[in-house]
Amino acid sequence: MTMLERIADLPRASRAMSWIVIGLFGLFVLTPATTQMLGLGKRASTENRVLAAFPQVAGLPDALSVPRRLEAYVNDRFGLRQQMIIAYSWLRLQLGVSSVKDVAVGTDRWLFYTADKLLEQHTGVNRYAPAELEHWVASMEAIHAWLGKRGIPFYILIAPDKNTAFPERLPSYPLKAGASRRLDQLAARMARSPVPFIDPRAALAEAKARGVETYFSGDSHWTEHGALIAYGQLMAKVRERFPGIVPLQLSDYERYRGKPMAADLDRLLSLEGILSHEVERLKLKDASRQTQPPRMSMRPGWGWRVEEFTNDLRGAPRILVFGDSFTTYVMGPNMLYATFRDPVWTHNNGGTLNMDLVREFKPDLVVMQMADRYLLQTPLKAVGLE
């Protein structure tokens, strides 16, 4: 007996339900292909990867791999694929579960970055061995001494990851009994070092206790207000060497509520623009402090772009920053770059500094800003150090 004959023998209500199920199944199967052929429902990919390219054939080996590469191309582009990814990620988030391995969902759906062994560092599982810690400190002191011989002060600013700043919102990842984190170890050891070491955790915690929004749920970085607090801690050290510098204060900014500059964890979940956030934003009142768009270039043997800014602060000292994303789109534009003359930024490269850039730009001070996730990269070192 065929399926149609079996359906025909069913009671009328059962037949109707069977046809509804068949129709819905057919609609579910055919809709993606139909929308793809008609060019409907297109949405830009939000995945943090390069999608498979259409297979090109340049020889026999390429020809043999065409079926596999064509399947990958189609899998990355079938109709409504991006909408399905978004729906899947959103539904999992409502259940308090992440759809990607590098993001964890904490209380109140706060998102936390978990790559770079961040959770292992947070719980004290991944920490410095004594010799490793001393090697790290010795490397920083060697850079400090090299710059000092040239009359250039060197400052290290650690940007706490959100995991460090808001441990109470994390999923249940308890600190091991008697264990300390890498940042705890390093801060304690640097108290006995001549290198100016800025750890803004206490200032950020005090501000958090007052209700200041120092981080927010959808991003792994500090907010502009959180960055300003860390900037103030850095500037307190800088003014010991440059007392004429007048640091920016909260009163130098217009404060307003608005969309954040970015929400990188939302993006990792393919939910950027789907989830809605409003945070406190800061806008400089004095437009003359603002920098021009940077000139970007590369240097031989250095894998990171170098950004050169210009401003009108002719009498201020010049700064060279080895930083990361905590600087580039939060602290830098409205704070550091609005305080020092013609700033230069490049990445800290996970703890490798380029002394050839010091020779080239002749800064008056060098700042290394590093997220505490990068303390996993040990030891700190420098290229071009003589």
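Above this note sits the structure.
Residues numbered from 1 in each chain as written. Predicted model: local features only at pLDDT ≥ 70, side-chain atom pairs only at ≥ 80, totals over all residues. Heavy atoms only, no water.

Remarks on the overall build of the protein chain
Line of reasoning, step 1. What the protein chain contains, in helices and strands, is 14 helices and 13 strands.
Line of reasoning, step 2. A total of 386 residues make up the protein chain; the buried ones form 46% of that total.
Line of reasoning, step 3. Taking as baseline every contact in the protein chain between residues at least 6 positions apart, the subset at least 24 positions apart corresponds to 73%.
Line of reasoning, step 4. When the accessible surface of the protein chain is totalled, it reaches about 19,600 Å², and 58% of it is carbon and sulfur. (Helix = DSSP H or I, 4+ residues; strand = E, 2+ residues; numbered from the N terminus. Buried < 20%, exposed > 50% of the residue type's maximum accessible area, 1.4 Å probe, protein only. Contact = heavy atoms within 4.5 Å. Areas by Shrake-Rupley, 256 points an atom, 1.4 Å probe, with all protein chains shown as cover.)

Brief notes about the pairing of strand β7 (residues 295–299)
Line of reasoning, step 1. In this structure, β7 lies alongside strand β8 (residues 302–308), joined through 4 bridges in antiparallel fashion. Each residue of the ladder has a partner; that of S297, found in β8, is V306.
Line of reasoning, step 2. Between β7 and the antiparallel strand that follows it, β8, lie 2 residues; G301 among them carries a positive phi value of about 80°. (Pairing = 2+ DSSP bridges.)

Thoughts on the sheet that holds β8
Line of reasoning, step 1. Taken together, 7 strands build an open sheet; the order of strands is β4-β3-β12-β9-β10-β8-β7 and the sheet is mixed. Every interior strand has two partners, whereas the edge strands, β4 (197–198) and β7, have only one.
Line of reasoning, step 2. For strand β3 (residues 154–159) and strand β12 (residues 365–371), the ladder comprises 6 bridges, and the chain directions are parallel. Bridged to A159 within β12 is A371.

A closer look at unusual backbone geometry
Line of reasoning, step 1. The phi dihedral of D116 falls on the positive side, at around 55°, and the residue is not glycine.
Line of reasoning, step 2. Within the element layout of this structure, D116 appears in the loop between β2 (111–113) and α6 (118–122).

Quick word on helix α7 (residues 130–149)
Line of reasoning, step 1. For α7, built from 20 residues, the straight-helix expectation of 28 Å at 1.5 Å per residue is met to within 8% by its first-to-last C-alpha distance of 29 Å.
Line of reasoning, step 2. Of all the positions in α7, only L133, W136, V137, S139, M140, I143, W146 and L147 are classed as buried.
Line of reasoning, step 3. Buried positions along α7 lie against β3, α9 (182–190), β11 (352–354), α14 (355–361), β12 and β13 (381–383). (Expected span 1.5 Å × (residues − 1).)

Some points on the pairing of strand β10 (residues 341–347)
Line of reasoning, step 1. Buried residues dominate β10, accounting for 6 of its 7 residues.
Line of reasoning, step 2. One ladder, built from 2 bridges, connects β8 with β10; its direction is antiparallel. Each bridged residue has a counterpart across the sheet, and for E308 the counterpart in β10 is V344.
Line of reasoning, step 3. Bridging between strand β9 (residues 318–323) and β10 involves 5 bridges; their strand directions are parallel. Following the sheet pairing, G323 is matched in β10 by H347.

Some thoughts on the side chain of H122
Line of reasoning, step 1. Its place among the elements puts H122 in helix α6.
Line of reasoning, step 2. With relative accessibility at 7%, the residue H122 sits in the buried group.
Line of reasoning, step 3. Residue contacts for H122: discarding those within four places in its chain leaves N163, P167, L170, Y173, L175 and R181.

Side note on helix α13 (residues 325–334)
Line of reasoning, step 1. When α13 is considered as a whole, its buried residues turn out to be F326, T327, Y329, V330, M331 and G332.
Line of reasoning, step 2. The N-capping residue of α13, defined by a side-chain oxygen 3.0 Å from the backbone nitrogen of F326, is D324. (Polar contact = N/O pair within 3.5 Å; in protein donor to acceptor, adjacent residues only side chain to side chain.)

Regarding the packing of α7 against α9
Line of reasoning, step 1. Direction vectors running N to C along α7 and α9 enclose 55°, while the axes themselves pass 11 Å from each other. The orientation of α7 relative to α9 falls into the category oblique. Considering only the axes of α7 and α9, their crossing is right-handed. Along its contact with α7, which presents E132, L133, E134, W136, V137 and M140, the element α9 presents R182, Q185, L186, R189 and M190.
Line of reasoning, step 2. A breakdown of the residues in the contact of α7 with α9 according to their chemical character gives 6 nonpolar, 1 polar and 4 charged. (Axes fitted to C-alpha atoms, helices over the stretch in contact; angles between N-to-C directions. Parallel < 35°, antiparallel > 145°, perpendicular 65-115°, else oblique. Left-handed = near helix turned anticlockwise from the far one by under 90°. Nonpolar A, V, L, I, M, F, W, Y, C, P; charged D, E, K, R; others polar.)

Let's talk about the nonpolar core
Line of reasoning, step 1. Counting residues in each nonpolar core, the largest one holds 81 residues, and the members touching the most others are L186 and W222.
Line of reasoning, step 2. In terms of residue count, helix α11 (residues 224–241) provides more of this core than any other element does, 8 residues in total.
Line of reasoning, step 3. Aside from chain neighbours lying at most four places away, what touches L186 is Y128, L133, W136, V137, M140, F197 and L375.
Line of reasoning, step 4. Among the nonpolar cores identified, the runner-up in size contains 11 residues, and V105, Y113, L265 and L269 belong to it. (Core = buried A, V, L, I, M, F, W, Y, C linked by side-chain atoms within 4.5 Å.)

Nothing here speaks to function; it is all geometry.
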